[in-house]
Amino acid sequence: QLQLVESGGGLVQPGGSLRLSCAASGFTLDHYAIGWFHQAPGKEREGVSCIRSSRNSTLHADSVKGRFIVSRDNSKNTAYLHMNSLKPEDAGIYYCAAVPDVILAGQCIFTEREYEHWGQGTQVTVSS
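Reading the values: the criteria
Residues numbered from 1 in each chain as written. Predicted model: local features only at pLDDT ≥ 70, side-chain atom pairs only at ≥ 80, totals over all residues. Heavy atoms only, no water. Helix = DSSP H or I, 4+ residues; strand = E, 2+ residues; numbered from the N terminus. Rg over C-alpha atoms; globule rule 2.2 N^0.38 Å. Buried < 20%, exposed > 50% of the residue type's maximum accessible area, 1.4 Å probe, protein only. Contact = heavy atoms within 4.5 Å. Areas by Shrake-Rupley, 256 points an atom, 1.4 Å probe, with all protein chains shown as cover. Lys, Arg positive; Asp, Glu negative; His and termini not counted. Charge placed at Lys NZ, Arg CZ, Asp CG, Glu CD. Phe/Tyr/Trp six-rings, centres within 6.5 Å; stacked < 30°, edge-to-face > 60°. Lys NZ or Arg CZ within 6 Å of the ring centre and 35° of its normal. Disulfide = S-S within 2.5 Å.

S.K.: Where do I start with the overall build of the chain in this structure?
M.R.: Each helix and strand in the chain was counted, giving zero helices and 11 strands. Going from N to C terminus, the chain has its helices and strands arranged as β-β-β-β-β-β-β-β-β-β-β. Taking 128 residues into account, the globule formula puts the C-alpha radius of gyration at 14 Å, and the chain, at 14 Å, falls close to it. Seen through its C-alpha atoms, the chain measures out along the principal axes to roughly 40 × 30 × 25 Å. When each of the 128 residues of the chain is scored for burial, the buried share is 47%. Contacts in the chain between residues at least 24 apart in sequence constitute 61% of all its contacts with a sequence separation of at least 6. For the chain, the accessible surface area stands at approximately 6,500 Å², while carbon and sulfur atoms represent 47% of it. Put simply, the chain has 11 plus and 12 minus side-chain charges, and the middle of one group is 5 Å from the middle of the other.

Here it is as structure tokens:
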């Protein structure tokens, strides 16, 4: 009954923007860091963005720095990934995942095994 649900994916042209949402149900995100992971077709899943709950500190992969912004609204039990200047290589499935903040050693991580809850993913297509 604990669930994360991603939404907001779709088709966008190169250079365009999308905002993905990650809504939690059955538990509160107040004490969880949220990671966003991207899996391009035929490639391994990789972490792209993360935001902690305690200080709202963030981490971005080099491939998305300056283009993606991760945020959260604890009152709505929701996290967001604002994706700007999208490139064809950004296409694929985006997953959100939650890890208790107490697990983190002072910063966000992209170690998948540490994340306890995962969403089903939302598809992003970047094409002209």
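S.K.: Looking at this structure, I do not really get the packing of aromatic side chains. What am I missing?
M.R.: The relative placement of two aromatic rings is captured by the distance of their centres and the angle of their planes. Per the counting criterion, the structure on display carries five aromatic pairs. Summarising the aromatic geometry, the rings of phenylalanine 27 and tyrosine 32 are spaced 5.2 Å apart at their centres and angled 70 degrees between planes, so their arrangement reads as edge-to-face. Both residues of the pair, phenylalanine 27 and tyrosine 32, count as buried. Between phenylalanine 37 and tryptophan 118 the ring centres are 4.8 Å apart and the planes differ by 40 degrees, which places this aromatic pair in the tilted class. With phenylalanine 37 in strand 4 (residues 32-39) and tryptophan 118 in strand 10 (residues 117-118), this residue pair connects regions lying 81 residues apart in the sequence. What makes tryptophan 118 partly exposed here is its relative accessible area of 27%. Taken together, Phe37, Phe110, Tyr115 and Trp118 form an aromatic cluster joined through their ring pairs. The positively charged end of arginine 45 is found above the aromatic ring belonging to tyrosine 95, 4.9 Å away from the centroid. A cation over a ring is seen here: arginine 45 above tryptophan 118, with NZ or CZ 4.2 Å from the ring centre.

S.K.: Is there a simple way to explain the state of the cysteines in this structure?
M.R.: Disulfide: a covalent bond formed between the sulfur atoms of two cysteine residues. Throughout the structure, instances matching the rule amount to two disulfides. Disulfide pairing is shown between cysteine 22 and cysteine 96; the S-S distance is 2.0 Å. Judged by the sign of its S-S torsion, about 70 degrees, the bond between cysteine 22 and cysteine 96 is right-handed. Of this pair, cysteine 22 sits in strand 3 (residues 18-25) while cysteine 96 sits in strand 9 (residues 92-100), and the two are 74 residues apart along the sequence. The same class applies to cysteine 22 and to cysteine 96, which are both buried. Each sulfur of the disulfide joining cysteine 50 and cysteine 108 lies 2.2 Å from the other. One quick way to see it: the torsion about the S-S bond of cysteine 50 and cysteine 108 is about -75 degrees, and its sign makes the bridge left-handed. Residue cysteine 50 is located in strand 5 (residues 46-51), and its partner cysteine 108 is located in the loop between strand 9 and strand 10; the two are separated by 58 residues in the primary sequence. Residues cysteine 50 and cysteine 108 agree in their burial class; the two are buried. In the chain, the cysteines engaged in disulfides, taken in order along the sequence, are linked 1-3, 2-4.

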